[in-house]
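Observations on the model geometry
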Amino acid sequence: MGSGALMAQKKSKNNNISYDEKLYDALKWRGIGPYRGGRSAAVTGVPGEPNLYYMGSTGGGVWRTKDGGGTWENISDGFFGGSIGAVSVAESDPNVIYVGGGEKTVRGNMSFGYGMWKSVNAGKTWENIGLKNSRHISRVRIHPKNPDILYVAVMGDIFKSSEERGVYKSADGGKSWKRVLFSNADAGAIDLILDPNNPRIMYASTWNVRRTPYSFSSGGPGSDLWKSTDSGETWEKLTANEGLPGGIWGISGVTVSPKNSNRVWAIIENDKGGVYRSDDAGKTWKKLNDDRSLRQRAWYYTRIYADTKDEDIVYVVNVNYHKSKDGGKTFTAANAPHGDHHDLWIAPEDNQRMIMADDGGAQVTFDGGENWSTYMNQNTAQFYRVTTDNHFPFRIYGAQQDNSTVRIAHRTTGSDIGEGDWEETAGSESAHLSVDPTNNNIVYGGSYDGFLTKYNHETEEIRAVNVWPDNPMGHGAEEMKYRFQWNFPIFFSPHQKNKLYTTSNHLHVSTDEGHTWKTISPDLTRNDPTKLGSSGGPITKDNTSVEYYCTIFAAVESPYEENVIWTGSDDGLIHITKNGGESWENVTPSIMPKWLMINSIDADPFTKGGAYVAGTMYKEGDYQPYLYKTKDYGKTWTKITNGIPAEHFTRVVRADPEKKGILYAGTETGMYISFDDGSSWKPFQLNLPIVPITDLTIKDNHLIAATQGRGFWLIDDLTVLHQLNEGVATKEQFLYQPKPSYRIGGRSRESKTSGTNMASGVMVHYYLKDTVATDTVNLTFSELSGKEIASFTTHPDKEKKENKLEIKPGGNQFIWDMRYPDAEGFEGMILWWASLNGPKALPGEYKVTLANNGVTQSQTFEILKDPRASATQENLKAQFDFMNEVIAKLTETNTAIKNIRKARTQIEDVLKKAELDTIQSYGKNILKEMKTVEEALYQTKNKSGQDPLNYPIRLNNKLGHLNSLTAMGDNPPTASAIEFKEEVTGRIDEQLNIWYAILKKDIPSFNNLVQQNKIDAVKLE
């Protein structure tokens, strides 16, 4: 095989199958939103630039607004992504931006980051500058006069002890690093601030925090407050200074007043915690406020900010944000548009200009918080799971963290997917969702604490149908009758349409819409009492069910075998029943880590007893991918992770139901594909941003990804992958058979505030190995009879008005709009509400042909009727024929106008040269007659778009308007339309007949007269 050959790569030893991505790289991921911001914990503005701000999202990378929060754009795509913990712009050079990866808000679903990144051109390009194992960076501070000197607060690994923690300093712009503050291997730096008046002075806080799959702790050895007076080279611990609380410290935040460097505030998690203030630069302290609303759920908030203009104003962010005007003694609560606030930046020159980070993204204010920009323009939503319904077009369902559940159209008949194309549905922020298979308007959704609702979209009725309606809030899992995880499964049987399942540590089933529930399994977890205790502490407990452990975390009934049900627990057990729950078998792989969290199970579409499992160990500090498959009901298992990097841990694996051997895996860092049933994997990222993939589903050959930070993304045509084989891979060119396409409206346009729509039309994919040696590439659409409909070429003939075809080496995509040829137009034509567009092709079979360098290949495809349309095929045929007749007459009319104009120009040229009165008289008479015809056919006075309001439209506009009306919807022409067509075409024909008479009689006579006088005559093609 030549080195340049693109063919299936088969390793003889393992028989692995892979294909060069160029064969299918025209496939693109399409982000649909919803554009409702997800959590952010890092924001900044730029001094002196009132409309410029940056936001770090917790999963979706770095974003920028140049219009004060009106629109946002991602500026890290193509370089890095994932969770962002800190964003900082150099005061002395705003082109220099530093970003630290990994959020400070250490929720149960948090993601780590990818170290430190730097831009020296305001975000156009980025460079990784180290600290790759930092995992979570909470602050980046830059020297105000030197952009090469910076300090980074590194929290470190939240799931295990690590040495890469504390405060790091670089004096060369990130080329090298020095750790200047280290508390211990379990306590990293959480806050850091430079004295605005003296950057040699800085304050930092460190925090001992740890998450496990079943617990969370905030506080302990190493949680301290620190100060440096020598640019971070040495540090003094302030924790025991006069006035600060004794005992165990948890998280703390610190700030310095820019108006008074001696005034320092701290907010401290402690049994005697609250807001403390020092007026002697940290030597002594006084507690001013211990209001619980300022320090509730301390681990999630605990940040404090000094005003930039008034030393008595200080802010604390929490569920509300709080403002004090008396130095921290009393506070007034307020809210940015979303709430649950995490970061605040106040402009140094204008304390009314601020940007807030919260659970809804980022919002900007120019009036001190009286008004804020919206968060309904940010594509940073975090979704746990994804499912679909059977509506047309199908809708996508998921639960958005920190918001509500959503059902959103996967495509629309408009130009984008906006706020009007999605709505809230059943359940709440952490839900699995399941749609009644017999009624798309009835949805079941869960949430934490075992909350489960049934919602009817048609009637707007809601009903709580919890398996056991005991509210466990604040209690540990050991007190629960049933242990429901934060994100517990809910699903319908694919065989018995009224059978609804859900899981706690047991499997439950209802056949009466949740009115009654039957438990059909024993406890299918390890039920380890040492892992069922209350979460949180040692200062503040936090029991929301995120840390409830020993629960069923994934479950599925095989769509291919009734009563075969698989379950996977978050504590590492896999069970199967083959009889609908009457008996269960533990089939946990011996090769699997004991405490592996089973995150997804997918039944094998091609093998009875087959299944695929994805699990994670990242909450134990193990970031490896874990994927397994079985072909014999779990008797034997094979690990299938070859090709997935060591730290790309896997949350989900799905089998393509149409092509045996194709698997899709979603990891913390992106997408992977296998063409050989998991024996080998390769990236399937394409244009997808680097973002955690939380779930996948397949619907009608669309692959849909739920992400943790960028909403929902789709690939719209998996059939391209289904057609790959060794023969295709060795070809110089290949035309894939297009998937069936629905005859519906819709177009796609780019937007900063709404999702990308799927363009209407026939999606054609083709591969060209090389375009350098290519002469002309043609793509032609035709009826099966061979009648050509439309043709596109790389070298179009302008005279023939051929359409342009753009190509590139590798995969190409072309979307045919299904239209037959348009009517002829002419330059400068202005019409009012009229169309020259040809009709859409009728539902049925068609053919597309690719021609290149003498080689042609054809594929048939099908255009499908819109299933919502009431029109019959006969109705559509009547519309099609009627529009074609209108188009033909419009073409005839407009061609006549063009020829009249050509004739006029030539006659006028003749008259300029001819002096004979008979020629002058004859020519002017023809011009007058042609003018009368032209002005009857077209309003020649129209020179701009709204001129028709002043100058009445003429016959071609009226016929074009009829074309517009008839094209609306899928309907035959009305009786009035038919009658009007006869009338208007009759009037057009009257004028055309006059023109044809001029053309047949008068112009030849004029030419004879001219030629007798040896003057160039009128020539029309």
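Computed from a prediction, not measured in an experiment: that's the story for all the values here.

Quick look at the UniProt feature "domain: Sortilin N-terminal" (unreviewed entry) in the protein
- Those places that UniProt annotates as "domain: Sortilin N-terminal" (unreviewed entry) correspond, in this numbering, to residues 62-180 and 275-391.
- End C-alpha atoms of residues 62-180 are separated by 27 Å, and the span's content is 0% helix alongside 37% strand.
- Secondary structure content for residues 275-391 is 3% helix and 39% strand, and the end C-alpha separation is 54 Å.

Topic: the packing of helix α4 (residues 873-913) against helix α6 (residues 955-967)
- Interhelical geometry of α4 versus α6 gives an angle of 155° and a closest axis separation of 10 Å. The pairing of α4 with α6 is recorded here as roughly antiparallel in orientation. Remark: the crossing between α4 and α6 carries left-handed chirality. Residues Q879, F882, M883, V886, I887, K889, L890, T893, N894 and I897 of α4 form the contact with α6, whose own contacting residues are N956, L959, G960, L962, N963, T966 and A967.
- In terms of residue class, the contact of α4 with α6 is built from 9 nonpolar, 7 polar and 1 charged.

Brief notes about the nonpolar core
- Among the nonpolar cores identified, the biggest contains 39 residues, and I907, I919, M930, W995 and F1006 are the most heavily contacted of them.
- For this core, the secondary-structure elements that each account for two or more residues are α4, α5 (917-937), α6 and α7 (975-1012).
- The greatest single-element share of this core, amounting to 11 residues, is contributed by α4.
- Those residues in contact with M930, other than ones at most four positions away along the chain, are I900, A903, R904, I907, W995 and I998.
- Judged by nonpolar contacts, the second largest core, of 29 residues, contains F684, V691, L703 and Y767.

Looking at the pattern of salt bridges
- Under the defined criterion, the tally for this structure stands at 52 salt bridges.
- Close ionic contact of K118 with D148 constitutes a salt bridge, the shortest N to O distance being 3.9 Å. Here K118, found in strand β8 (residues 116-119), pairs with D148, found in the loop between β10 (137-142) and β11 (150-154); they are 30 residues apart in sequence, far enough to count as distant.
- Accessibility expressed as a relative area gives 34% for D148, which makes it partly exposed.
- One salt bridge in this structure joins E423 and R407, with 2.8 Å as the shortest N-O distance. Taken together, the positions of E423 in strand β34 (residues 422-423) and R407 in strand β32 (residues 405-409) put the pair 16 residues apart, joining distant regions of the chain.
- Counted as one network, the salt bridges with shared partners bring together R263, R277, D279, E311 and D312.

Looking at α6
- Between the first and last C-alpha of α6 there are 19 Å, a value that for 13 residues agrees with the 18 Å anticipated at 1.5 Å per step.
- Buried residues along α6 sit against α4, α5 and α7.
- After α6 finishes, the residue G969 shows a positive phi value of roughly 75°.

Reading the values: rules and limits
- Residues numbered from 1 in each chain as written.
- Predicted model: local features only at pLDDT ≥ 70, side-chain atom pairs only at ≥ 80, totals over all residues.
- Heavy atoms only, no water.
- UniProt positions renumbered as here; feature names shortened; annotations may be inferred.
- Helix = DSSP H or I, 4+ residues; strand = E, 2+ residues; numbered from the N terminus.
- Axes fitted to C-alpha atoms, helices over the stretch in contact; angles between N-to-C directions.
- Parallel < 35°, antiparallel > 145°, perpendicular 65-115°, else oblique.
- Left-handed = near helix turned anticlockwise from the far one by under 90°.
- Contact = heavy atoms within 4.5 Å.
- Nonpolar A, V, L, I, M, F, W, Y, C, P; charged D, E, K, R; others polar.
- Core = buried A, V, L, I, M, F, W, Y, C linked by side-chain atoms within 4.5 Å.
- Buried < 20%, exposed > 50% of the residue type's maximum accessible area, 1.4 Å probe, protein only.
- Salt bridge = Lys/Arg side-chain N within 4 Å of Asp/Glu carboxyl O.
- Expected span 1.5 Å × (residues − 1).

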